Structures are given as structure tokens and as C-alpha cells.
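This is what each chain is made of:
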Amino acid sequence: MLHSLYQQWFPIASSTDLVPRHVYQAQLLGREFAVWRADDGYVNVWENRCLHRGVRLSIGINDGRELKCQYHGWRYTNRTAGCTYIPAHPADAPARTICNNTYPAQEAHGLIWAGEEANGPLPDLGAHANGIVLRPIPVHAPAEMVETTLQSYDQDILFFVQPCDSDHCIIRGIAKPNDDRTVLLRQHSFALGELRDQVEAHAALVEAPARYKPVIARVAEDFIDIPTLTKEGRTADLPVTITAKDIIAKGIARLRLEPLKCALPTFQPGAHVDVHLQNGLVRQYSLTNGPGETDHYTIGVKLEPDSRGGSSTIHALNLGDNLAISVPRNNFPLRRDAVETILIAGGIGMTPLLSMARALNVQGLPFAFHYFVQSDAHIAFRQEIGTFADAATIHKGLSPEDTSTKLSEILAEPGPARHVYICGPGPMLDTAREIAGRTGWSDTQIHFEYFKNNTQRNTSGSFKIELARSAMTLTVPEGTSILNVLHENGINMSSSCELGACGTCRCTVIAGEIDHQDVYLTDSEKAAGNAMMTCVSRARSDRLILDI
Amino acid sequence: MKLYNYELSGNCYKLRLLMSFLGVDYETEAIDFYPGQKHKSPDFRQINPLGQLPAIEDNGLVLRDAQAILVYIASKYDADGTWYPAQDPALLGQVMQWLAFADGITATASAARLHDGLYYSHIDVEAARKGAHTLFRILDEHLFFAEDAGQAWICPSDQPTIADIACFPYIMLSEEGGINRMDYPAIRRWCDRFKRIPGFIVMPGIFPAGPAFEKPAA
């Protein structure tokens, strides 16, 4: 019987219960829900427990975009319920598998409807459609008993009884539209209260039925720690359609991508997606979205004068064109525990930093957003930058020398809990890296994202790779990458840019001398010699032992 | 002013709240309520013969009873006269009505918490919980219709009054006495509003609210 109830829609709240920045607590068939409305109006119905330690999310904080657990501050985003930040692991991006349970929900006729596995249409309300929603009356009695008693109540009211548990329910009534709304609400609040007292007195005389036992899924052990990178390769799992496209600055197109089926996965600031184009090319673009903006992804694409078919193809796309993209990956995660975060953007390199700045801005964390552009006409995402007020500084038309001077000013004072994130053209990043090294910033405080790898790469020489966990030894011939050899031999290894810039195909090296050719690892990580980018880096020694 | 204080006491918290809202400076003297039972000691009974917290001393005046002290502090230190609206008879009557109601919350919800949390095993906890639910049903209905009339607080004023302060702590701590508030959505929303009053402070078991919703600039 419980199973058939699982398929049904039940009202679990009045629309007016979900005021902004509030978390409503509900229960249906024994399962507790945390219900909250995001600032964009979306109604989230989630299991009422944090995946971490099981604390009720109904005591958490709804910041309008995300729900934050009171206990250890895990943040879950609007719509997907995916975890976007774990304060105890500030340098890591939470795995996509850390996602709370969500339940079907709809808002109609002044009520929030939900169900364990509800499907199909909502009940037809007939003459009561868009009527007056009565004050809900919770009753400590079985729903069936309450339903029977309600049969002798005012026939003009349409009733739904929400079975919270086997011995607890809520009467939710709808009256036909009426001028004397307040009088009617008061009258029924009192009369239903009297009815409740009667039913509860009766229920106290009979034996209470056994409580419903909702299935509480076990939380995977992995959630205790940050899981390792996902294993799938370069795949395009998400079909999306272009629902808006405009030129927002000289040579820069903004594209709004909405899913063609199912919902978009959770992203965090700094994340990028692979866009698979019709001509077979695969390009990486950072998501510019703010926190909780989970119904679409927005990317900014600069038309490169020497485009090899990537940016020019995207600029030629039109509204309604479909694309295949990868799930978002985040190799440029944003810490939220810095006393100050300095974001330095060069040109189109502003896109991941824009998403970071929007998250910091919403959370009220201190940051500075420095945006280097060629000219006024090149400023992209002006409206979003406008919301940063004094935190944003735009540096226009600086020569390489002036840029270097300005970067020296911005990076003048390394501090123990200050963090710098930089994304932009290669020469600017190289300059910043050199200045940061000179001023004493440590590698762990300054985070770079290159959008390409301009270093001259050397693919000469053959060597062997020993895969410690797979018990295989493979030969990497001249002119072929480790990544290709792995894929040819059926070994899954995620990859994205395949140019040594994005960090997706990072691999732990157990032994052997690495010939680093990427721009993702920091100098100290390269010197430590225990990690490499398998898409471009090679071996100086005859053989490498990899943790694969 | 000196407050005889116990950190886990909701009644002492009422006074800490009001003094924080008003920006009144005060010192505290910690009374070891549990496990020391120092509120029943001969020394403390010379301050309050009832052997109960809180009590204050202000310029030689010794005063006991949380609600009475709220009236005193608000009358003396709130220049705007909004927390204790002595100039508005109808409003003042309602404030006093809900102060008495708050005593009922203390007698039930606080008693259940003392039973569950501080080993007051002589308390009939089922009766205490039932009594608290009866009061919460009344307050939830009151707040539902207050909200419906565009009124944010327990009494019909644009500003919160000491009636809100008197009711807040033991409602917010009720779960420590096994009293779930899921059935009281209007009370839960009022708790959020209360936590957003400028100057709000927390105590163990009471968390802060998140930022309030502000309409984005057009």
C-alpha cells in the first residue's frame, strides 16, 4: 500500500510557507523533507539531512542560492542538491557524487505538491482551482481517521490530508474564491481546530499504527573523504541547446546553454566544460554562472583571429543549435577560507574568475577583481562586474611593461591567508608567475589557469610505463602521448584539453624521472616529481611507474 | 548593571538579548546552576530568596524574574520606547498578555528541557511536552493571522517588543526537550525574523539566521 502512496502527489506546504531565505520542515509517509525556495523562485524538496553527519538541513541557512548545513558548513546548490563546497577541504572541489536526495515537486493552486516517487498529473481541483488555501491544521491521528471525520465537515471545502506519518497528518483545505477571505480563514482555523481535538481524543483510545519506515539510503564511504578524479575519458554526455547568444564585447560571444533532457549537473566556481563541435574539435570553456544558477550554463567565447575552427565555429552557431558538452570539471577550485582573495583576469581569461567573484560576492567574502582588457570595447560581462562595486578594478589598454608594473603592485604583499587566482594569456601569466616568485608568494597561495599551453613540446623518444595497480607494462612510442597509449589499451583516464593546461589527466607517479611539459602543475609540484599530466608530459628515464 | 547569569539558561538569555539589542553595557557573575546548584546556595538566596535565575543589580536595585527585568531594562534604557510601549495602552496590554504566556512556555517547554538535558527527573516530561504543544498551537495560529495582516511580531507594532524576547528562547530550545516544531510553520518563520533583528546574539543550541532577502535594485 505504501508503494501506491509513493506514486501520489500530496500537498506538503502552502506556497506562503516558503518565504525567501527560509527552510521549511515537512514530512511525508515517514520521510522528512527540507523545503526551500531559492531567490530565482525554484522550490527545492530535499531529504532533511546533511550527507556528512546527518544533521537536519531544515535548521540550515538558505542564502537564496545554496543551502548551508549548520554543522560543518557543507553547501548544497539550488535544483541539483549537489555539494559545492566543503569547508574542511578548502582546496578541493567536491566530487559530483556528493549530492543530496531530491524529490518530485510542483507548485500549483497556492500549494507545494510533492511525493516520494510522484508522477502523473496533479489532481484536478475543478471549481476550487486557485481558491483560498486554508491554514493547515496538523493532527496527531492517522490520515484515514481524519479523512473519515472530514466527510461530515463543510462540503464546500476541498480537502487533502497529508500523511506525515502513520499517526500524524496535516489537513489542507481549499475554499472556493470568496470576498471575505480573512473571516473564512479564521472560521475554518477554529472549526478545524475543534475537529482536530475530537479526532485526537478518539485516536488516543485506539492503538497507534506502526510508524512508516522510509528507506534511508546508506551514505557511501567515499563521502567521508574527497573521492579521486572521475574515471571516464573525454565524453560528451550532456546535450544542450543554445537559448541565447549575444555579442557582449568586441569579439566575445556569450552563450546560454540549457539542457535538452534531464537537469544540468552541479558545478563549482572555476569549473569548465568540454564543448564538442560538429567538426570534431573539442574546446574547453569556463562556466561564468553565479552560485545557485543551475538551470543553465553561460560561457563566454572569444573569436580567436588565428582560430583553427574552435572559436570561429562557435561564433557561427545560432539560437536553437544543439551542442554536446561534458559534465563540468573543476581543476581550478576556489577556497573560501582566505582573508582576502585576489582575482586577476586577462581578457577572456576572466570567465572562471567571474564565477569565483560572483560566489565570493554573494557570500560576502572579501575579494578584489582585477580585469585587464585591451580597451573599453573589450569589457565583457559588464552587468555582472557592476554588482562587485568597489571590489572590481578594470585596467584598460596597458602596455606589457605597465601590466607588469600593475601586477607588481597587486602582488606586492604576500600574506599568510591571502590567495591569488590568475587566468589570462600565457605571457601575462608568465609575468605574474615571475613576480609572485620574486615577492615571496608560495605555490599553494597562487593559482594559475592557462587556457593553452604555448610551450614548445617535445614528443621525441620512446619509454616504458608500468601501471602499478593494473599490472601492465606499456610502451609509449615517439610522437604519441601517455594518454593515447592508455586509451588505446582500454584504460580509462579522464582528459579534457589534452594540451597540458587544464589538469584533468593528472596522474600520480610512483617512480621514474618526469619530463614535465605542462603549464598546470606548479614549480614545486614539478620539482617534487610525484605527479604528471599524461597528455603532454613524458619520461626522462627509461620507464615511469604510474599509480594507475 | 550586573547580571547573575548562567550561559545555558534561556531566561538569562532573554536579558542578554535585550541588552545586546539596546547596546547596554553590563557585567555578569556566573552562577553554577548545573551541576553546582549554586542558585540554591545561601549566598544567592540572599539576592533572590526564590533561588532562581536570572537576577540583576543596577545602582543598588536588586530585581528578579526575567519578564520583570525585561520591563525594567526596556523602560530605563530604550529611548525610543518601542520594546516596552508604555505610552500605548492597547499595545501594552497585549505585551503583558504575551509576557504571561511566556511564563507558560517556561513552565512547559523549559521544564521538558531541564528533564532531558539537565537531569530534572522529577518533572512529568510528557505533561510538560503536551502543555508546550498546546501553547505552540495557540501561538502558531496567532502568528499565522498576524503575518496574514502584514504584522511581523507577536504584538501589533512595527517594532518587536519584549513579548517577542520573552517567548523566543524556550521556543527555540524546545527540541532539547523533545518538542518538535515541524507543526508550527508560522512560529518557525517568526524565529527567522527574530534572529535577523540587528544586535541578535546566539547562545548554545541557537544558531544564527542567514542574510535576509533584499529585493535586487531595479
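Residues numbered from 1 in each chain as written. Chains lettered and ligands numbered in written order. Predicted model: local features only at pLDDT ≥ 70, side-chain atom pairs only at ≥ 80, totals over all residues. Heavy atoms only, no water.

Observations concerning the interface of chain B and chain A
How big an interface is tends to be expressed through the accessible area that disappears when the partners come together.
Right, so step 1: Contacts between chain B and chain A engage 21 residues on the former and 30 residues on the latter.
Right, so step 2: Between chain B and chain A, a total of about 2,400 Å² is buried, with carbon and sulfur atoms accounting for 51% of that surface.
Right, so step 3: Summed over the shared surface of chain B and chain A, the number is 5 salt bridges.
Right, so step 4: Arg 137 of chain B is the salt-bridge partner of Glu 200 of chain A, the closest N and O atoms lying 2.6 Å from each other.
Right, so step 5: At the boundary of chain B and chain A, one finds 12 residue pairs in polar contact (both at pLDDT 80 or more).
Right, so step 6: Elements with a minimum of two residues in the side of chain B that touches chain A: α5 (125-148) and α7 (185-195) of chain B.
Right, so step 7: Tallying contributions element by element places α5 of chain B first for the side of chain B that touches chain A, with 6 residues. (Contact = heavy atoms within 4.5 Å. Buried area = accessible area lost by both parts, 1.4 Å probe. Salt bridge = Lys/Arg side-chain N within 4 Å of Asp/Glu carboxyl O. Polar contact = N/O pair within 3.5 Å; in protein donor to acceptor, adjacent residues only side chain to side chain. Helix = DSSP H or I, 4+ residues; strand = E, 2+ residues; numbered from the N terminus.)

Things to note about helix α4 (residues 89-117) of chain B
Right, so step 1: End to end, α4 of chain B covers 40 Å across 29 residues, agreeing with the expected 42 Å (1.5 Å per residue, within 8%).
Right, so step 2: Following α4 of chain B by one or two positions, Tyr 119 of chain B has its phi on the positive side, about 60°. (Expected span 1.5 Å × (residues − 1).)

Notes on the side chain of Ser 537 of chain A
Right, so step 1: Along the chain, the position of Ser 537 of chain A falls in the loop between β30 (531-533) and β31 (538-539).
Right, so step 2: For Ser 537 of chain A, the contacting residues outside a window of four places in its chain are Ile 482, Ile 514, Asp 515, His 516, Gln 517, Asp 518 and Met 532 of chain A.

As for the domain arrangement of chain A
Residues and elements named next belong to chain A.
Right, so step 1: What the domain assignment reports for chain A is domain 1 (2-124 + 177-203), domain 2 (238-325), domain 3 (340-450) and domain 4 (463-546).
Right, so step 2: Inter-centroid distance (C-alpha atoms) of domain 1 to domain 2 is 33 Å.
Right, so step 3: Across the boundary between the two partners, domain 1 contributes 13 residues, which contact 10 residues of domain 2.
Right, so step 4: Regarding the contact of domain 1 and domain 2, the summed buried area is about 930 Å², with carbon and sulfur atoms giving 53% of it.
Right, so step 5: Looking only at domain 1, the three residues that lose the most surface to domain 2 are Arg 65, Arg 79 and Thr 80, adding up to 45% of its buried area.
Right, so step 6: Between domain 1 and domain 2 we count 1 salt bridge in total.
Right, so step 7: Note that Arg 79 and Asp 295 form a salt bridge whose closest N and O atoms lie 3.9 Å from each other.
Right, so step 8: Linking domain 1 to domain 2 there are 7 residue pairs in polar contact (both at pLDDT 80 or more).
Right, so step 9: Partitioning the side of domain 1 that touches domain 2 into residue classes produces 3 nonpolar, 5 polar and 5 charged. (Domains from an automatic or database assignment. Nonpolar A, V, L, I, M, F, W, Y, C, P; charged D, E, K, R; others polar.)

Some points on the pattern of salt bridges
Side chains bearing opposite charge may pair, as long as their charged atoms lie close to each other.
Right, so step 1: Here the structure, examined in full by the defined rule, presents 43 salt bridges over all chains.
Right, so step 2: A salt bridge links Asp 17 of chain A to Arg 189 of chain B; its shortest N-O distance comes to 2.7 Å. Of this pair, Asp 17 of chain A sits in the loop between β1 (10-14) and β2 (23-28) while Arg 189 of chain B sits in helix α7, on two different chains.
Right, so step 3: One network of salt bridges, with partners in common, ties together Asp 40, Arg 79, Arg 256, Glu 258 and Asp 295 of chain A.

Overview of unusual backbone geometry
Right, so step 1: Along the chain, Tyr 34 of chain B connects to Pro 35 of chain B via a cis peptide bond; the corresponding omega equals 0°.
Right, so step 2: For Pro 35 of chain B, the location among the structural elements is in the loop between β2 (27-30) and α2 (42-45).
Right, so step 3: For the bond running from Leu 53 of chain B to Pro 54 of chain B, omega is 0°, close enough to zero to count as cis.
Right, so step 4: Relative to the helices and strands, Pro 54 of chain B is located in the loop between α2 and β3 (55-58).
Right, so step 5: A positive phi angle, close to 60°, is found at Arg 21 of chain A, a residue other than glycine.
Right, so step 6: Among the residues examined, Arg 21 of chain A registers a relative accessible area of 12% and is labelled buried.
Right, so step 7: The phi angle at Cys 262 of chain A is positive, at roughly 45°, despite the residue not being glycine.
Right, so step 8: Looking at where Cys 262 of chain A falls in the secondary structure, it is placed in the loop between β16 (252-259) and β17 (272-276). (Buried < 20%, exposed > 50% of the residue type's maximum accessible area, 1.4 Å probe, protein only.)

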